[in-house]
Amino acid sequence: MKKHNFSAGPCILPKEVLLKASESVMDFNGSGLSLIEISHRSKDFVAVMENARSLALELLDLKDKGYKALFLQGGASMEFLMVAYNLLEKRAGYLNTGTWSDKAIKEAKLFGEIVEVGSSKDESFKYIPKGYSVPSGLDYLHITSNNTIFGTQFKKFPKTDCPLVCDMSSDIFSRSLDFSQFDLIYAGAQKNMGPAGTTLVVVKEEILGQVSRKIPSMLDYQVHIAKDSMFNTPPVFAVYTSMLTLEWLKNLGGIAAIEEINEKKARLLYSEIDLNPVFEGFANVEDRSLMNATFNLTDDALKTTFDDMLKEAGINGLNGHRSVGGYRASMYNALSLDSVGVLVDVMSEMERKG
Ligand SMILES: *Cc1c(COP(=O)(O)O)cnc(C)c1O
């Protein structure tokens, strides 16, 4: 039976990407060797790394604007500390919009003073803080563009006189933005780009090299830039698969094209959540995420019926995060409008039953 994968991450990837990636494990580029058994210094793999880095900048429209793209390891969680290690001299600002920002704050506190410029903790992170003022003289301001667990997303970004750092793990490449308003963007691959194991970092070079502390080589963005993202053995399979997804996106028409589809998917699901009395949305309407839609049953007694129907329809990964409960439909780039249609059909069937 066809499965509809709404998993929050690791998440759905395009079929053709999975096919090409699996072929490369047996025979990479007709070489008679596997991608995962050749030297990462071979001509073929160096080309993969260069292509992946270049596609990332091209899709974000950040080519020739002073940015470098890196594929690193350690996940987005490693960036929580690398950002502070490389950029925090005295004082940085953070907007706390949920679990992931909270974790980023915790790591950064090891390196300097952290100002929580705004927070939505008071209402279980159901909204994106607004009307805060950003103090001047910060080393940087850190935000989380899409809150994977709570289903909220920044629609407008703060204007700052300091570098703006953004954890874009769960909505990178999903919507058109002026990406040049950010000075450092990072994203774990496994939400919208590839398998777990690599993290994309896009950084404006001029913000680096300003802190006085010594930085270990593996944690130093400047070292990774100087080595073209090959300081040590990169996660070749994760980088190759990410490159394939970026090629897929480019062929589709880039971010503008996928944004249109993502908006259709989100509109379809949210209108069902709003009109169907069996369900209620979790996040504030104006801050709703196009990627992760969080919702609950209005009557918990219907849970078993709904869960059984989801299973029968081949719908996977709809459980809310363990810290929030309820349901969460993650609609990353590779999820089809069709799959959202199947979910919406099950939801309206629930209304008839309920
Ligand atoms: C999943 C996620 C993370 C953590 O990513 P890892 O690669 O597992 O470290 C961080 N931030 C956001 C917004 C996420 O969705």
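Values in this document were obtained by computation on a predicted structure and should not be read as measured data. (Residues numbered from 1 in each chain as written. Predicted model: local features only at pLDDT ≥ 70, side-chain atom pairs only at ≥ 80, totals over all residues. Heavy atoms only, no water.)

## Some remarks on the packing of aromatic side chains
One pass over the full model with this rule turns up 11 aromatic pairs. Centroid distance Phe-80 to Tyr-186: 6.2 Å. Interplanar angle 70°. Geometry classified as edge-to-face. One end of the pair, Phe-80, is in helix H3 (residues 75–87); the other, Tyr-186, is in strand S9 (residues 184–188), with 106 residues separating them in the sequence. For the pair formed by Phe-80 and Tyr-186, the shared burial category is buried. A ring pair is formed by Phe-306 and Tyr-327, whose centres lie 5.0 Å apart and whose planes are at 80°; its orientation type is edge-to-face. Taken together, the residues Phe-306 in helix H8 (residues 303–312) and Tyr-327 in strand S14 (residues 327–330) connect sequence positions 21 residues apart. Using a relative accessible area of 0% as the deciding quantity, one classes Phe-306 as buried. (Phe/Tyr/Trp six-rings, centres within 6.5 Å; stacked < 30°, edge-to-face > 60°. Helix = DSSP H or I, 4+ residues; strand = E, 2+ residues; numbered from the N terminus. Buried < 20%, exposed > 50% of the residue type's maximum accessible area, 1.4 Å probe, protein only.)

## Some words on the sheet that holds S14
Taken in spatial order, the 3 strands make up an open sheet running S11-S12-S14, and their pairing is antiparallel. Strands at the two margins of the open sheet, each flanked by one partner only, are strand S11 (279–281) and S14. Shown here is a sheet whose adjacent strand axes are inclined to one another by a mean of 35°, direction ignored. Two elements, strand S12 (residues 292–297) and S14, share 4 bridges in a ladder whose sense is antiparallel. Looking at S14, one finds that Asn-292 is bridged to Ser-330. Sitting on the sheet, helix H7 (residues 254–275) is in contact with S11, S12 and S14, with an inclination near 20° to S12. (Pairing = 2+ DSSP bridges. Axes fitted to C-alpha atoms, helices over the stretch in contact; angles between N-to-C directions. Contact = heavy atoms within 4.5 Å.)

## Examining the pattern of salt bridges
For the structure on display, the rule yields 11 salt bridges. Lys-130 is paired through a salt bridge with Asp-287; the nearest N and O atoms lie 3.0 Å apart. Of this pair, Lys-130 sits in the loop between strand S4 (113–119) and strand S5 (141–144) while Asp-287 sits in the loop between S11 and S12; the two residues are 157 residues apart in sequence, bridging distant segments of the chain. Relative accessible area serves as the criterion here: at 52%, Lys-130 is assigned to the exposed category. As a salt-bridge pair, Lys-303 and Asp-307 come within 2.9 Å of each other at their nearest N and O atoms. Of the two residues, Lys-303 and Asp-307 are both situated in helix H8; the distance of 4 residues between them amounts to about one turn of the helix. Given the relative accessible area of 24%, Asp-307 is considered partly exposed. (Salt bridge = Lys/Arg side-chain N within 4 Å of Asp/Glu carboxyl O.)

## Brief notes about the domain arrangement of the protein chain
According to the domain assignment, the protein chain contains domain 1 (16–252) and domain 2 (254–353). The straight-line distance from the C-alpha centre of domain 1 to that of domain 2 is 27 Å. Summed over both partners, the interface of domain 1 with domain 2 comes to about 2,300 Å²; 55% of that surface belongs to carbon and sulfur atoms. Joining domain 1 to domain 2, the criterion identifies 2 salt bridges. The partner of Glu-286 in a salt bridge is Lys-130, with the nearest N and O atoms 3.2 Å apart. Between the two partners, domain 1 and domain 2, sit 17 residue pairs in polar contact (both at pLDDT 80 or more). Of all the secondary-structure elements, those providing two or more residues to the side of domain 1 that touches domain 2 are strand S7 (152–153) and helix H6 (236–252). (Domains from an automatic or database assignment. Buried area = accessible area lost by both parts, 1.4 Å probe. Polar contact = N/O pair within 3.5 Å; in protein donor to acceptor, adjacent residues only side chain to side chain.)

## Structural notes on the sheet that holds strand S3 (residues 91–96)
The strand order S2-S10-S9-S8-S5-S3-S4 describes an open sheet built from 7 strands, whose pairing is mixed. Across the chains shown, the open sheet's two edge strands, defined by having one partner strand only, are strand S2 (67–72) and S4. Averaged over all pairs of adjacent strands, the angle between their axes in this sheet comes to 20°, without regard to strand direction. One ladder, built from 6 bridges, connects S3 with S4; its direction is parallel. Opposite Asn-96, over in S4, you have Ser-119 as the bridge partner. Most of the contacts of helix H2 (residues 43–59) go to S2, to which it runs at about 130°, and overall it touches S2 and strand S10 (199–204).

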